[in-house]
Amino acid sequence: MNFKLRAQIIIALIVLAVSSVFTFFHISNESRYAQERAQRSSGNVRMAFDSMVRDTEHFYIFRAYANIRSEGVLEAIKKHDTETLYRLTLPRYKTLCEENPSLSIMQFHAADGTSILRMHLKEHFGDNIAARRPMIRSVHKNHKMLTGFEGGIAGMAFRVVMPVFDNDTYVGALEFGIDTSYFIDKIKQMTGSENILMIHKDVLGAADGSLYQKGIGEYRYIRISEEQKPYLSAFMDKNPLMNSKNIRIDEKDYEINPLYLHNSEGRKVGVILSINDVTGSYQNLLETILGSIILTVLLMALFWGLIEYTFGALIGKLNLQERYIKTILDSQKNIVLVTDGEQIIYANQAFSDYFGYLSIEKFRLEHACICDFFEAGESNEYLQPQMDGILWTDYLIQYNTKEHKVKMRVGEKVSIFTVHLQKMEYENQIRYVVVFTDITKLNELATLDVLTKVANRFQFDKVLEHSITLSQRYGRALSMMLIDIDHFKEINDNYGHLVGDEVLKILAQILRDGVRKSDVIARWGGEEFVILLPDSELSSATKLAEILRLRIAEYDFKLVKKITCSIGIVRWNEGENPDQLLKRVDEKLYYAKESGRNKIIS
């Protein structure tokens with residue numbers, strides 16, 4: 001064998017060896033990376049499910065409070081007045097169903113264990129539901145809120161049961177139930193996974209027993225497709241504890257994660273098996289992102305066109321008012337109306353433009369009075385339907401030298417008006433001519449921070465004083481947090497004040513998105529923001545602060561990239577005035593910054 005051939009063979013062997021090593025190394029790394037991705041995916045699915053359950057719980061807790069606090073609802077619950085309760089809560093129930101079509105249950109329970117009203121089954125009430133439902137019995141016994149999955153007439157659902165009190169006296173409970181299909185659909189939307197729902201045989205309700213007949217071990221399912229059967233069999237094989245498991249079927253890799261449904265006692269009552277195809281996960285990610293971009297563009301185009309069409313159709317259907325009403329009332333740019341104090345008799349075009357009704361008749365089909373739109377503010381400066389026990393029109397007459405303001409909301413639009421009223425009497429009939437002058441922009445200049453569009457310090461001082469008065473009078477909790485951007489001066493120095501202003505605006509939006517409607521955000525000065533939290537204990541405020549801190553830390557601020565914030569939190573103490581409360585929260589913020597920043601001190 002000559003040298004050339006030997007060299008060729010040696011080089012060939014070296015290349016083959018190096019190629020084999022790199023190939024083996026690449027395959028090993030890919031396998032390890034795939035396993036790590038699978039583990040991260042498993043954790044993400046569980047975190048997403050847990051977060052979904054928590055968000056659903058919080059959402060319906062707030063909705064429960066809103067329903068209970070609606071005018072007349074508490075009295076109807078105390079009197080077991082099914083018809084009145086149905087009438088008062090039907091608009092909110094319809095809105096809730098529009099928000100979440102999977103809302104299968106909204107039910108009011110009496111303290112004696114009977115059902116007062118099922119919004120989803122109006123004619124079915126008066127039965128002793130507590131005898132069948134452990135969660136209801138527990139709430140009646142302990143007078144504490146419970147959440148968890150439980151079966152019932154409407155089947156297995158995630159339930160939020162909120163106790164109802166009247167001056168510390170337990171009078172019943174309000175229950176929401178969200179069908180399990182909601183969570184299955186959400187999981188599929190978030191992860192793209194196929195899901196199998198199984199219910200534990202010991203907790204099957206009357207509605208579930210006829211559906212969940214087949215199953216494996218202690219769990220039953222309604223039905224599974226022929227394609228899903230191999231996944232279920234492979235998952236259960238040598239896996240009696242139903243732990244997360246990776247399987248391989250038809251040259252494809254799948255990850256199956258059990259997402260357990262727990263009742264209010266923490267017991268497992270069901271499981272959703274989330275089946276994820278982890279084959280070629282990187283390519284799947286790119287396809288998902290591309291598909292999401294295309295779908296988003298298509299949906300934006302669709303909704304844009306729909307809005308354009310709807311708005312054009314509404315404008316085309318507007319009718320002219322009668323000539324003398326148009327001459328008298330439409331000459332005004334302000335909202336001008338004639339009312340008997342309860343029902344609107346005439347209104348000008350500005351009224352129709354603002355509220356979006358084509359005629360007064362259509363407005364009266366849904367509202368008896370314009371005062372239905374009156375909203376309370378953070379302070380007591382706005383007119384309400386009843387003021388000091390008298391009708392709002394009589395109140396305007398009685399205090400005619402005082403400037404009166406009204407806050408009204410139509411959809412997402414909130415406006416501030418000054419109100420002027422003139423009384424007319426004719427043939428023993430009383431009429432009121434009321435003029436609403438829009439001062440929203442002027443009010444914003446006076447009450448909002450120009451840059452961030454949150455309350456300014458002047459407005460916050462008024463709200464704080466009013467909130468302390470309410471807390472003092474009714475014994476309500478009140479908490480406050482003071483937020484400061486860490487190293488904000490460096491942002492201004494390194495990127496300029498325009499970038500700094502943009503950071504402040506984005507931060508204000510993050511705070512607005514993260515708090516309740518009843519919470520008040522204000523710019524305290526420079527890079528400091530203050531949030532007032534009515535009806536919030538210190539523990540709840542601290543949890544909210546941690547959520548806000550994480551959202552801010554994780555947000556991509558474009559040019560600046562990442563920022564952090566330090567937060568001080570305090571709860572109002574009995575007898576404490578605004579200055580004392582602000583001093584304490586400022587001290588907490590100081591400690592948060594001194595101890596390393598990006599921290600919460602309470």
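Residues numbered from 1 in each chain as written. Predicted model: local features only at pLDDT ≥ 70, side-chain atom pairs only at ≥ 80, totals over all residues. Heavy atoms only, no water.

On to the overall build of the chain. Along the backbone of the chain there are 18 helices and 23 strands. For the chain, the residues scored as buried account for 42% of the 602 residues in total. In the chain, once contacts between residues fewer than 6 apart in sequence are set aside, the share between residues at least 24 apart is 54%. For the chain, the exposed area adds up to about 34,000 Å²; of that, 55% sits on carbon and sulfur atoms. (Helix = DSSP H or I, 4+ residues; strand = E, 2+ residues; numbered from the N terminus. Buried < 20%, exposed > 50% of the residue type's maximum accessible area, 1.4 Å probe, protein only. Contact = heavy atoms within 4.5 Å. Areas by Shrake-Rupley, 256 points an atom, 1.4 Å probe, with all protein chains shown as cover.)

What follows concerns unusual backbone geometry. Excluding glycine, a negative phi dihedral is what most residues carry, and trans is how most peptide bonds are arranged. Positive phi, close to 60°, is recorded for H143, a residue that is not glycine. Of note in this structure, H487 is not a glycine but carries a positive phi near 55°. The topology assignment puts H487 in the loop between β19 (478-485) and α15 (488-495). We classify H487 as partly exposed; its relative accessible area is 42%.

Moving on to the packing of helix α16 (residues 497-514) against helix α17 (residues 538-554). Interaxial distance between α16 and α17 falls to 10 Å at its minimum, and their mutual angle equals 140°. With respect to their mutual orientation, α16 and α17 come out oblique. Seen from above, α16 lies across α17 with right-handed handedness. Judged by residue contacts, L507, I510, L511, D513 and G514 of α16 engage L544, L548, R551 and I552 from α17. Split into classes, the residues belonging to the contact of α16 with α17 amount to six nonpolar, one polar and two charged. (Axes fitted to C-alpha atoms, helices over the stretch in contact; angles between N-to-C directions. Parallel < 35°, antiparallel > 145°, perpendicular 65-115°, else oblique. Left-handed = near helix turned anticlockwise from the far one by under 90°. Nonpolar A, V, L, I, M, F, W, Y, C, P; charged D, E, K, R; others polar.)

A word on the pattern of salt bridges. In this structure the tally under the stated criterion is 25 salt bridges. Residue E375 is joined to K517 by a salt bridge in which the shortest nitrogen-to-oxygen separation is 3.8 Å. Here the residue E375 occupies a position in the loop between α11 (360-366) and β14 (386-387), and K517 occupies one in the loop between α16 and β20 (520-525), the gap between them amounting to 142 residues. Using a relative accessible area of 18% as the deciding quantity, one classes E375 as buried. Under the relative-accessibility criterion, K517 is labelled exposed at 63%. Notably, a salt bridge pairs R571 with E537, separated by 2.7 Å at the nearest N-O pair. Placement of the pair is R571 in strand β22 (residues 565-571) and E537 in the loop between β21 (528-534) and α17, with a sequence separation of 34 residues. (Salt bridge = Lys/Arg side-chain N within 4 Å of Asp/Glu carboxyl O.)

Here the focus is the confidence of the model for the chain. Of all residues in the chain, 84% have pLDDT values of 70 or greater, and the mean over the chain is 82. Across residues 281-286, where pLDDT falls below 50, the model places three contacts with residues more than four positions away in sequence or in other chains. (pLDDT = per-residue confidence, 0-100.)

Ordered in space as β13-β12-β18-β17-β16, the five strands form an open sheet in which the pairing is antiparallel. Each of the sheet's edge strands pairs with one partner strand only, and the pair in question is β13 (344-347) and β16 (404-410). Strand after strand, the sheet turns through a mean of 35° between neighbouring axes, direction not considered. Sheet strands touched by helix α13 (residues 440-447): β16, β17 (413-426) and β18 (429-438). Its angle to β17, the strand with the most contacts, is close to 125°. (Pairing = 2+ DSSP bridges.)

On to the sheet that holds β19. Spatially, five strands are ordered β20-β21-β19-β22-β23 in an open sheet, and the strand pairing comes out mixed. Among the strands making up the open sheet, the edge pair consists of β20 and β23 (600-601). The pairing of β22 with β23 spans two bridges and is parallel. Counted as the bridge partner of I567 is I600 from β23. In this fold helix α18 (residues 578-594) packs onto β19, β20, β21, β22 and β23, with an angle of close to 145° to the strand it touches most, β22.

If you walk through the whole model with that rule in mind, you get 22 aromatic pairs. With 4.9 Å between their ring centres and 80° between their planes, F59 and Y60 make a pair best called edge-to-face. The partly exposed category is assigned to F59, whose relative accessible area is 27%. Accessibility expressed as a relative area gives 2% for Y60, which makes it buried. An angle of 80° between the planes, with centres 5.7 Å apart, marks the rings of F158 and F183 as edge-to-face. With F158 in strand β4 (residues 157-166) and F183 in helix α5 (residues 180-191), this residue pair connects regions lying 25 residues apart in the sequence. For the pair formed by F158 and F183, the shared burial category is buried. Taken together, the ring pairs connect F351, Y354, F355, Y357, F363, F373, F417 and F436 into an aromatic cluster. Cation over ring: K268 sits above Y260, and NZ or CZ is 4.0 Å from the ring centre. The ring of W524 carries the charged tip of R457 above its face, separated from the ring centre by 3.7 Å. (Phe/Tyr/Trp six-rings, centres within 6.5 Å; stacked < 30°, edge-to-face > 60°. Lys NZ or Arg CZ within 6 Å of the ring centre and 35° of its normal.)

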